[in-house]
Amino acid sequence: MARITPDVLLASACLPTMYQAIEIDGEAYWDGGYAGNPTITPLVRESDAHDTILVQINPPERAETPRTAVEILNRLNEISFNSPLAKELRMIALLRQVVDPGSGDGARWAQMRTHWIKSDLLATFGASSKLNAEWDFLALLREEGRRAAGEFLDAHADDLGERSTAHLDVLLAES
């Protein structure tokens, strides 16, 4: 039986630009976010729910242009973590345009409703915030998450189960 061990947890959080890979049974492991976090495709395909709510934790854009080597590396890491999801969402948007909404899988994609919870506050934090485990900072993040979710629900609670509030077709125009 597979077990979640301390090494497994360490490997799942091991950023390859900061830490050595974690070795388990002779194999090296690190955070898979660079290759792709779990995709949402199986979630949509295997769930009876038609609403998918995405929670954005890495800013898709930053107001300031990175200038120093450290700032550029930090932004590169954010882009690397965001790009697999962005690519998958563009694929879903394209798929929704070409599927037969009356067929099995086509109906599933055509009926998919998407929503996005975002916080502008997260874009104000530097990359070092990802290493900040201070209680006050974690409490701030928790409260910000609650605030962003509450703001989303205030604006879109009636849309859940009815219509998308994040329109994926916009992503095709950006490609």
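Residues numbered from 1 in each chain as written. Predicted model: local features only at pLDDT ≥ 70, side-chain atom pairs only at ≥ 80, totals over all residues. Heavy atoms only, no water.

**Student:** Quick one: what's the story with the nonpolar core, residue by residue and with numbers?
**Tutor:** If you look at the biggest cluster of nonpolar residues, it comprises 11 residues: Ile40, Val44, Leu54, Leu89, Ile92, Ala93, Val99, Trp109, Met112, Leu168 and Leu171. If you tally residues by element for this core, the top one is helix 3 (residues 69-98), at three residues. Contacts of Leu168, omitting those with residues within four sequence positions, involve Leu89, Ile92, Ala93 and Thr114. (Core = buried A, V, L, I, M, F, W, Y, C linked by side-chain atoms within 4.5 Å. Buried < 20%, exposed > 50% of the residue type's maximum accessible area, 1.4 Å probe, protein only. Helix = DSSP H or I, 4+ residues; strand = E, 2+ residues; numbered from the N terminus. Contact = heavy atoms within 4.5 Å.)

**Student:** Explain empty space enclosed by the protein to me, using residue names and the numbers behind them.
**Tutor:** If a probe as big as a water molecule is rolled over the atoms, it shows which places are left empty. Overall, the coordinates contain one cavity of 30 Å³ or more when judged by the stated rule. Looking at the largest cavity, its volume works out to about 40 Å³. Surrounding the largest cavity, Val44, Ala49, His50, Thr52, Arg108 and Met112 form its lining. (1 Å grid on protein atoms, 1.4 Å probe; cavity = no way out; pocket = protein on both sides within 12 Å on 5 of 7 lines; lining within 4 Å. Points joined across faces, edges and corners; volume = space filled by probe spheres on them.)

**Student:** Can you break down the pattern of salt bridges residue by residue, with the values?
**Tutor:** When their charged atoms lie close together, side chains carrying opposite charge are able to pair. Inspection of every chain in the model, using the stated rule, returns seven salt bridges. One network of salt bridges, in which partners are shared, links Arg62, Arg75 and Glu78. (Salt bridge = Lys/Arg side-chain N within 4 Å of Asp/Glu carboxyl O.)

**Student:** Can you explain the pairing of strand 4 (residues 113-117)? Please cite residues and give values.
**Tutor:** Summarising burial for strand 4: four of the five residues are buried, a large majority. For strand 3 (residues 51-55) and strand 4, the ladder comprises five bridges, and the chain directions are parallel. The partner of Asp51 across the bridge, within strand 4, is Arg113. (Pairing = 2+ DSSP bridges.)

**Student:** Which residues make up the layout of surface pockets, and what values do they have?
**Tutor:** Reported here for the second largest pocket is a volume of approximately 310 Å³. Forming the boundary of the second largest pocket are 15 residues, of which Arg62, Glu64, Ala123, Phe125 and Gly126 lie nearest the centre. Taken together, the residues of the lining of the second largest pocket sort by class into five nonpolar, four polar and six charged. (Nonpolar A, V, L, I, M, F, W, Y, C, P; charged D, E, K, R; others polar.)

**Student:** Outline unusual backbone geometry, supporting the account with residue identities and numerical values.
**Tutor:** Phi angles above zero are rare outside glycine, and Asp25 is one such case at about 50 degrees. With respect to the helices and strands, Asp25 occurs in the loop between strand 1 (22-24) and strand 2 (27-29). With relative accessibility at 79%, the residue Asp25 sits in the exposed group.

**Student:** Can you break down the environment of Asn77 residue by residue, with the values?
**Tutor:** As for its position among the elements, Asn77 is in helix 3. Note on Asn77: relative accessible area 16%, which makes it buried. The spatial distance from the C-alpha of Asn77 to the C-alpha of Leu15 is 9.7 Å, given a sequence separation of 62 residues.

**Student:** Let's hear about the confidence of the model for the protein chain: which residues, and what values?
**Tutor:** The pLDDT averaged across the protein chain works out to 84; a share of 93% of its residues lies at or above 70. Helix 6 (residues 169-174) is the least confidently modelled element of the protein chain, averaging 75 in pLDDT, while helix 5 (residues 135-156) averages 96, the highest of any element. (pLDDT = per-residue confidence, 0-100.)

**Student:** Which residues make up the environment of Phe81, and what are the values?
**Tutor:** Mapping Phe81 onto the fold places it in helix 3. According to the relative accessible area criterion, Phe81 is buried, its value standing at 18%.

**Student:** Tell me about the packing of aromatic side chains, and please be specific about residues and values.
**Tutor:** Evaluation of the coordinates by the stated rule reveals one aromatic pair. Considering the side-chain rings of Phe125 and Phe137, the 5.1 Å spacing of their centres and the 75 degrees angle between planes classify their relative orientation as edge-to-face. With Phe125 in the loop between strand 4 and helix 5 and Phe137 in helix 5, this pair connects stretches of sequence that are 12 residues apart. Above the ring of Trp116, the side-chain terminus of Lys118 is found at 5.0 Å from the ring centroid. (Phe/Tyr/Trp six-rings, centres within 6.5 Å; stacked < 30°, edge-to-face > 60°. Lys NZ or Arg CZ within 6 Å of the ring centre and 35° of its normal.)

**Student:** Quick rundown of the side chain of Arg108? Include the residues and the values.
**Tutor:** Along the chain, Arg108 turns up in helix 4 (residues 104-111). In this structure, Arg108 is buried with no salt-bridge partner, the nearest side chain bearing the opposite charge being Asp48 at 4.5 Å. One polar contact links the side chain of Arg108 to the main-chain carbonyl oxygen of Val44, over a distance of 3.3 Å. Residues within four places of Arg108 in sequence aside, it is in contact with Val44, Arg45, Ser47, Asp48, Ala49 and His50. (Lys, Arg positive; Asp, Glu negative; His and termini not counted. Polar contact = N/O pair within 3.5 Å; in protein donor to acceptor, adjacent residues only side chain to side chain.)

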